[in-house]
Amino acid sequence: MVIRSVHLVSIRNSTFRSGDLRRVIVSVIAALAIVSPAFADSHSDDILAMMQSVLAGQLNEVAERAASEAAASDVLLQRQFAIELEDMSSGNYATRDNRAFADLAPLWARARADWVALHAPPNNRYVPAQLLLLPATITTLIAVDASTSTAWQLERVNGDWQIADAYYVSLGSAGVDKRRRGDQRTPLGVYWIVEELDSLALPDRYGIRVFPLDYPNALDRQQGRTGDGIWLHGIDPDNNIRPPRDTDGCIALVNERILSLGSVLTPGETPVIVTRELSWRKPTSTSDTLVDLTQSLLRWRDALQEQNADAYFALFSPDYTRFGLSTEQWRVGRVRALAAGHVSKVGIEGLSVLRTDEDEEIFVTRFEQIIHRTQGSPVRVLRRFYWRRNADGELRIIAEQNG
């Protein structure tokens, strides 16, 4: 028997944004709405379908539907779901007074798993098209697809890349392609994990593990992008989920997923690719671009070793500059450095090559540069070059940085 004694007249009424009152209401509903498990389970499929729509970015529409259905129902699960969605759509879900419902956690977990399975590549041995080369020392790669709010964890197994796991993620509330500080967008491109922060010293909304990315990098600065503080992090422990567009520009995962992912992230080594829409390729396919980039990097090395200023500058964009200098000032300084003849040999180890811009042919090469000097011990420096094809199809360096 179902006792229809309690109805939520309006799920959206501000009364239900009080944590204390809400807990009282939920307790009353639990006491009066005597619903058999079988009856409640019959609504799980409908809730799962609505959860899928939430993950697809249709939060407000689903919240209205869930509120309408909950007002006419005595099923506690439906009422909890409506309250959670109301919290999300109103922005109040991330406060301590609006707790997630434990009854819904298994359904959200299943909805996330179904979501990432729906957007999986043809097979788990495909790799992101942006990946051209990573050294054997790097065994983990993260690729984020903003169009589907999914992140893919790839691991190197016996020398081959395979998809090891996938995660639903929440990105910037204004979308992607960050341009300026405070625009609430997630940057597009290739970034590296910098460090792990102490999550206990941060607000609860960042969850249990926090990994900053190296935004803005040299390419971002060269293109006039501003802002900082782009992190890969968890969510408030009292939330079951966050909508797909909900952060200030960070990449957020539910806590149990950032916990498992965090065990394989290595600061200074793990790259994170963020794309509008991830495309996949067979790992065995060859790349003429990889050959071109490798040869261009070797020409840069040879020019540096041979103190050949003309060959050196030919590899840079005509308007290239660095350190706030004009192009001419930068060139004068490099000529002096090359003429000094302190470098006898240059080695390149641990080369990474990735495409870092979806709209243009811009690539990043990251490597350890070993400088053998005429006197003293060799010096090892982690370097990064950003290359772009010019109108003639030639690769030229447009930005560089250490690290």
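In this text, all values refer to a predicted model and were calculated from it rather than measured experimentally.

Colleague: Got a sec to walk through helix H8 (residues 255–262)? Specific residues and values, please.
Modeller: Restricting attention to buried positions, one finds in H8 the residues Asn255, Ile258, Leu261 and Gly262. Considered in projection along H8, the buried side chains sweep an arc of 130° and stay on one side of the axis. Packing partners of the buried residues in H8 comprise strand S3 (140–145), strand S4 (150–157), strand S5 (160–168), strand S8 (210–212) and strand S9 (231–233).

Colleague: Tell me about the pattern of salt bridges, residues and numbers included.
Modeller: Here the idea is simple: oppositely charged side chains can pair when their charged atoms come close. By the definition in use, this model includes 25 salt bridges. Of the charged contacts in the structure, one is a salt bridge between Arg65 and Glu69, with a shortest N-O distance of 2.9 Å. On the criterion of helical spacing, the pair formed by Arg65 and Glu69 is a turn pair, its members being four residues apart in helix H4 (residues 59–71). According to the relative accessible area criterion, Glu69 is partly exposed, its value standing at 26%. The partner of Asp177 in a salt bridge is Arg225, with the nearest N and O atoms 3.8 Å apart. Of this pair, Asp177 sits in the loop between strand S6 (171–172) and strand S7 (189–192) while Arg225 is found in the loop between helix H7 (218–222) and S9, placing the two residues 48 residues apart along the sequence. A residue is classified by how much of its surface remains accessible, and Asp177, at 15% relative accessible area, is buried. You can call Arg225 buried: its relative accessible area is 12%. Through salt bridges with shared partners, a single ionic network connects Asp177, Arg179, Asp220, Arg225, Arg276 and Asp359.

Colleague: Could you give an account of the pairing of strand S15 (residues 362–373), naming the residues involved and the relevant values?
Modeller: Burial analysis of S15 places nine of its twelve residues in the buried class, which makes it a mostly covered element. Here strand S14 (residues 343–357) runs beside S15; their pairing, made up of eleven bridges, is antiparallel. From the neighbouring strand, Asp357 faces S15, where its bridge partner is Ile362. Between the antiparallel neighbours S14 and S15 lie four residues. Judged from the ten bridges that link them, S15 and strand S16 (residues 379–389) form a sheet pairing that is antiparallel. Pairing of Phe367 across the sheet is with Arg383, part of S16. In this structure, the hairpin formed by S15 and S16 is closed by a connection of five residues, where Gly376 is found at a positive phi of approximately 90°.

So, how was this worked out
- Residues numbered from 1 in each chain as written.
- Predicted model: local features only at pLDDT ≥ 70, side-chain atom pairs only at ≥ 80, totals over all residues.
- Heavy atoms only, no water.
- Buried < 20%, exposed > 50% of the residue type's maximum accessible area, 1.4 Å probe, protein only.
- Helix = DSSP H or I, 4+ residues; strand = E, 2+ residues; numbered from the N terminus.
- Arc of directions from axis to C-beta.
- Contact = heavy atoms within 4.5 Å.
- Salt bridge = Lys/Arg side-chain N within 4 Å of Asp/Glu carboxyl O.
- Pairing = 2+ DSSP bridges.

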